[in-house]
Each structure stands twice: as C-alpha cells, then as structure tokens.
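Structure assessment
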Amino acid sequence: MTKNEFLNIFNDIDDEFLNELAAVQLRKNHIKEKRSSKEAEVILKPKYFRPDSSYRSGKPFKKVMLAVAAVICVAALGIFIRVNKKPETVSSNDSTGVSSGDDLGSNSTIPFPDGIVNKKLDNVTFDFKINSKHPTELLKIKLKEKQIDAEILKNALLSGKTITDKNERNLMRGGKQITYKTSDKCVLLVSPGNFSFSDDSIGDTSKNFGTVANYFDEYCNSNNEELTSFSRTDAVQRVNKILDEVGIENYGDPYVIPVSSEMANSYLEENGGFSKEEGANKNYTLWEQDDGLYVLKYKFNFGGTDISNADLKAVGSGRTIYGADITAYVTKDNIFYLKVCQMYEEEFVNAGAVELKFSAENAANELIEYYSKQFVEDPKRFTECKLEYVPFEQTNDSEVIFTLAWRISGYELKGVKGDIPTDCVEYYYVDTGKRYGSY
Amino acid sequence: MDDSKIVDLFWERDEAALKEVSQKYGAYCLTIAQNILGNREDSEECVNDTYLRAWNSIPPNKPAALGSFLGRITKNLALDRMRYSVCEKRGGNKENVSFDELDRFVSGSYSVENESERREILDAINAFLKGLPTKKRQMFVARYWQYYKLSELGEFFGMSESSVAVELGRTRKKLKEYLIKRGFEI
C-alpha cells in the first residue's frame, strides 16, 4: 500500500469518528469565542454551558483525581424495571409496578448463573446483575415539550434581585428565548423546553466555583461522600424545592458528585494550563475547608423508567433529540447554577406497545460478542444494565415518541496517560435487538 | 441551532441556512481547509465553495450528520485545489499532507487492487478506531483525516508535540499490527 492509498481509504472512515472530533472542535471554538466575546456569550449561552459531546470526551487530568475517580467508579448496580400500564393519556407518576414475563424466556447463548454477568474478555469486563423478571407490557410514549412561563421562573430564581436587562429573541425553531440579567451578575435564560440560571457573583470569582464544578460534573462519577460543611440531603432538598416551585415533577433521585475543598484545590493547583483553556481565572484563590459544593444531576423518568440524557437520533425521522436532564451546582449557601434541558410534560400519550423480544441477557450477549471481535486497547468495564426510553420519532417540533432500549453502561478505565475514566454507554432495542449505538 | 433544523432550512431554500452553517461550522471547515492548503485566502474560498456545494446538494440529500457532511466536502475541495496548485506550480502546501511518518507504516510495494479489498481494509480501520480510547482516536483522525500539524495537535490536546508524535507512533504501530494480523498486506 502507498501512503496515498492509505490516506484515500482513511478518507472514507465512518462519520461517527468525524462527528466526534467535530464536536470537540466546535466546543473548543465555543470556548475561544467565550473568551473573546464574553458579553455575547452571556446572552447566547449560560455561563457553564456544557456542550453535548463533551460529556463523554477525555480530558487531561491529574493523578489525584485519577485515583479518586477510579475508586468511586467500581459500583455494580442491578436492574430495576418498572412499567406503566396505562390507557391513553395518563400521568407518569402513577406507575403500577412490575409484572412477570417468564413466558418471554431467554435465548442466551452464554449462560449467566444467578443473573450475574461476570465475563472477562482481553480488555473488557462485564460485571452486573441481570433481572430475570421481564415486564410483560411496555409502551412507546409520546411526550410533549414542557413550557414554563418565564415569569414563574423569574419569580422563583430572581426574587429580590434587580433586573437590569431583559432581552427577547425569536428562535428559528419557533418560540422565544428570554434573557434576564440582574445587577448582581445573575443570568436567567428561558426557552421552550429549557431554562438555565447562573449566578456569576459566586461562580465566576477567583475561587472558580463554576469552572471547578463544571469540570467535576463532566469527568467524575457519583459517590457517597458527604462534605463536612453541609449534607448532600440539604443540597438535594434545596434543589428539589425549586424544581417543585416551578412545576417540574417527573425527576428522579439525583446522581450526586461531592466536590470537597481538597479535590478543588488539587484541581486548581495542578491545572494552570487547563484553567486557561477553560476560561477560568489564572489567579485563583484556594478554597477554604467550608467551600465544598455538590454537583447534582437528575434524569427525568416516566412510570419509573428513565428517559435518556444522551443526544440520540430518532429512528423514524433521523433527527437528533437532545437528552433530557437537570444539573445543579450547590454550595452551602447558594444554588449558583441550575440548568434544565429538554423538559417534557408529565402527561404522556400511549403510542403503542413495545414487544420485549430481546432480553437483557440477549443484550449482554450481543455486547460480549461485539467486544470479543474488537480491538480494545484500554480496559473498559460495564457495570449496569437497565431499560431506558430513547427517541423513536419526532412527530412535530414539540412532540417526540420514545421507545425502549437496554442501556448497558460503564466506563473506560484509562486512555492517554493522565486521563480519568470516561463513561461508555451502549443501547439495544428491546423489540429488535438492533444495536442503537454507543455513546 | 440543531443540525436537523439547519438541514430543514436548506430544504426550504431559506438562505438563513448559510448563515447558520457559517456560524456553526465555519471555523471547523476553515480549519480543515487551512490544514490542507496552508493559505487563508484559498481556504476561505474553499469554505465558501463548500457552502455553495451544500446548497446545491441539499436537497436532494438530507445529511444525518451535517458536520461530517460539510467536512468531507471541504476536504475534497481543498485536496482538489491543492492538487491543482501543485500541478500548476502555484505553490500549495504539499508538505502538510506528505506525512513522512507514514513511510514506515506502509510498504509501498503492494497495491490495493479492487474495491472489495479496499472496503475490507476500511472496515478493519473503522473497527480499529472504534476500539481506541477516545482521545487517541480523535488525535489519529485529526492527524490523518483533517491533516493537523503535530504542533497544532499538541495545542489542541494539551500535550507536547513530542508526546503527540509518540502517541501517534504507537497508534500507527498498533494499526499496522492489527491489519497484518487480519491478513492485510500494507
């Protein structure tokens, strides 16, 4: 082969690799633009906007966090499946429990004694429980984008503050984006299905609460640690109170990432160059003992089944549907960042049955089979398998039909030297067994 | 703006599509063109040609991934322009795409003879890329698809130039072993 032949063949590599790289490049451009035009950034994006793809990308990081993250990653979870058996229009909060699906059986090609998947390939480990009870009725659900009145959000999040600027602009997809700015550096953006609040008087100080939180949000996993300065329960209750106040109901328990002052200071001391890239203050101030914060990440759920927070293509229309989630950064005194992405109304419409022909065992087998044929350089570990709603079809600009897929997730143990574990997620449709893709 | 919305604008023949594409992917396309052409003026022209070609091809096309769709157009236009420049002895930036480090990667003594063999090699390369850690994969694609310089990759990934060269060298070696193990002569 000649060099040109190689480059010519390489020119035709799968789009997914180009998209992955393009997403990182767009993100870097976004950061550059933020640095060069801070005012414009405030209007267009919330301060700690997390681009979609960056959620899974690698990032140089330091040894301390590598150790912390590697330890906290090793929890294997079982599957919890609840389904909603409802007629046409129903409330997602009224789920009716688990039903047996023994008749569906399993056509596993690899036996899983006691429902435990514990399989080791060269560089991939599968280590999770399989729930042997499959539900007998599963539904596609049609969801409508939720719109929260800007006034309600303003009253809940900017109460007592002086609004210095209100800006409205028409969105190309329809609807309006409304931006409020206050005299004490708070920004509230509201658009159909989304809103974000950030308080730069806290997030953007020399302690870099915002950048530090954003970093741990992207690159660390949940753990059970408690900060000494305030409890995670306190943080969760405060955020839940706001969510309830503005009328958001169908969120589950959050995934909590505690960021202690020690963790933050390790980051601040060891990431001079990195802070430059992320736009943090170069002249940072180390955190005091009481300066810890919690990153809270919520998923929405319907009838007890989570809706995907990944950006996925709807099978029917080919359109990308943004993941639905809530992120909050909480210090002992404040919630200085709250972002709600892609809210849907709590009411949903039954859009037809989904037949579970492809069990969790089948999905695990497929994945094991897939990886047994792959070159995998750095170790991966899959630790969880559960049902999740993924987009099936967008019926109009504000309505999406979701179907069900098995979500098998875990993490990549290490990449380039200095990386911390990154998430890896695979989806398989329950009715066809088709691999939806990896994220 | 969501890619699908931009594609919809193209389909509706709304010129706002060009503005949105330029806003979202302008810098991305320009980087690809500049990496190949090494000349801002030519690169900008190339990016404009990309928009025009996109305008003429959507519809009937409805790209699912707009970024890679535009990236491929830009790259092909830039390569055409570079070949033209080299042929016409008008300068060009041939060094950028010479990739001396590939000298030891390929033998140069064997030629891919038919489309099915080419397809098999491509499938193997795709499978190899899939198994790479994210950052190594991005680095490899940025170098050999987007033609980034080592120094630019260093800046991009927060590594020294020599570390980038070492990482790329390891990945090339692994790819070579991977392909040979699967019976491909390279």
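Residues numbered from 1 in each chain as written. Chains lettered and ligands numbered in written order. Predicted model: local features only at pLDDT ≥ 70, side-chain atom pairs only at ≥ 80, totals over all residues. Heavy atoms only, no water.

1. Overview of the packing of helix H1 (residues 3-11) of chain B against helix H2 (residues 16-37) of chain B
Residue and element names in this part refer to chain B. With their axes 8 Å apart at the nearest point, H1 and H2 run at an angle of 150° to one another. In this structure, H1 meets H2 at a crossing whose hand is left-handed. The segment H1 lies against H2, with Asp3, Ile6, Leu9 and Phe10 engaging Ala16, Ala17, Leu18, Glu20, Val21, Lys24 and Tyr25. Across the contact of H1 with H2, the residue classes tally to eight nonpolar, no polar and three charged. (Axes fitted to C-alpha atoms, helices over the stretch in contact; angles between N-to-C directions. Helix = DSSP H or I, 4+ residues; strand = E, 2+ residues; numbered from the N terminus. Left-handed = near helix turned anticlockwise from the far one by under 90°. Contact = heavy atoms within 4.5 Å. Nonpolar A, V, L, I, M, F, W, Y, C, P; charged D, E, K, R; others polar.)

2. With respect to a negative patch on the surface
Residues and elements named next belong to chain A. On the surface, Asp244, Glu245, Glu249 and Glu347 cluster together into a patch of negative charge. Among the secondary structure elements, Asp244 is positioned in helix H8 (residues 232-246). Asp244 gets classed as partly exposed once you look at its relative accessible area, which sits at 48%. (Patch = residues over 30% accessible without salt bridge, like charges linked within 9 Å, V, L, I, M, F, W, Y side chains within 5 Å. Areas by Shrake-Rupley, 256 points an atom, 1.4 Å probe, with all protein chains shown as cover. Salt bridge = Lys/Arg side-chain N within 4 Å of Asp/Glu carboxyl O. Lys, Arg positive; Asp, Glu negative; His and termini not counted. Charge placed at Lys NZ, Arg CZ, Asp CG, Glu CD. Buried < 20%, exposed > 50% of the residue type's maximum accessible area, 1.4 Å probe, protein only.)

3. Side note on the packing of aromatic side chains
Summed over all chains, the structure comprises 20 aromatic pairs over all chains. Between the aromatic rings of Phe6 of chain A and Tyr144 of chain B, the centroid separation amounts to 6.4 Å while the plane-to-plane angle is 75°, which identifies the pairing as edge-to-face. Taken as a pair, Phe6 of chain A in helix H1 (residues 3-10) and Tyr144 of chain B in helix H6 (residues 134-144) lie in two separate chains rather than in one. According to the relative accessible area criterion, Phe6 of chain A is buried, its value standing at 1%. Judged by centre distance (6.4 Å) and plane angle (90°), the ring pair of Phe10 of chain A and Tyr144 of chain B falls under edge-to-face. Of this pair, Phe10 of chain A sits in helix H1 while Tyr144 of chain B sits in helix H6, which puts the two residues in different chains. For the pair Phe10 of chain A and Tyr144 of chain B, a shared accessibility class is recorded, and that class is buried. Aromatic rings pair up to connect Phe209, Trp287, Tyr329, Phe336 and Tyr337 of chain A into one cluster. The ring of Trp55 of chain B is capped by Arg13 of chain B, whose NZ or CZ atom sits 4.0 Å from the centre of that ring. (Phe/Tyr/Trp six-rings, centres within 6.5 Å; stacked < 30°, edge-to-face > 60°. Lys NZ or Arg CZ within 6 Å of the ring centre and 35° of its normal.)

4. Here's the deal with helix H9 (residues 261-270) of chain A
The buried count for H9 of chain A comes to seven of ten residues, which makes it a mostly enclosed element. The complete set of buried residues in H9 of chain A reads Ser261, Met263, Ala264, Asn265, Ser266, Tyr267 and Leu268 of chain A.

5. Details of the sheet that holds strand E8 (residues 194-199) of chain A
Residues and elements named next belong to chain A. Read across the sheet, eight strands follow the order E5-E6-E7-E8-E16-E15-E10-E9 without closing on themselves; strand pairing throughout is antiparallel. Only two strands of the sheet have a single partner each, and these edge strands are strand E5 (163-170) and strand E9 (255-259). Put simply, the sheet's adjacent strands are angled 10° from each other on average, direction ignored. Pairing of E5 with strand E6 (residues 176-182) involves seven bridges; the strand directions are antiparallel. Bridged to Asn167 within E6 is Thr179. (Pairing = 2+ DSSP bridges.)

6. Examining unusual backbone geometry
Residue Pro59 of chain B is reached from Ile58 of chain B by a cis peptide bond, and omega for that bond is -15°. When you line up the elements, Pro59 of chain B lands in the loop between helix H3 (40-57) and helix H4 (66-87). Look at the link from Pro59 of chain B to Pro60 of chain B: it is a cis peptide, with omega at 15°. Looking at the secondary structure, you find Pro60 of chain B in the loop between H3 and H4. Backbone geometry places Gln342 of chain A, a non-glycine residue, at a positive phi of 55°. Inspection of the secondary structure puts Gln342 of chain A in the loop between strand E16 (335-341) and strand E17 (344-354). What makes Gln342 of chain A buried here is its relative accessible area of 10%. In this structure, Arg13 of chain B is a non-glycine residue whose phi angle is positive, near 55°.

7. With respect to the interface of chain B and chain A
Tallying the contact residues gives 65 residues for chain B and 50 residues for chain A. If you sort the residues of chain B by the area they bury against chain A, Lys130, Lys135 and Phe156 of chain B come out on top, with a joint share of 13%. The salt bridge involving Glu16 of chain A is made with Lys130 of chain B; its shortest N-O contact spans 3.2 Å. Seen at the junction of chain B and chain A, the total is twelve residue pairs in polar contact (both at pLDDT 80 or more). (Buried area = accessible area lost by both parts, 1.4 Å probe. Polar contact = N/O pair within 3.5 Å; in protein donor to acceptor, adjacent residues only side chain to side chain.)

8. Points about the side chain of Glu346 of chain A
Residues and elements named next belong to chain A. Positionally, Glu346 belongs in strand E17. Among the polar contacts listed, one links the side chain of Glu346 to the side chain of Lys146, at a separation of 3.0 Å. Here Glu249 takes part through its backbone nitrogen, which lies 3.3 Å from a polar atom of the side chain of Glu346.

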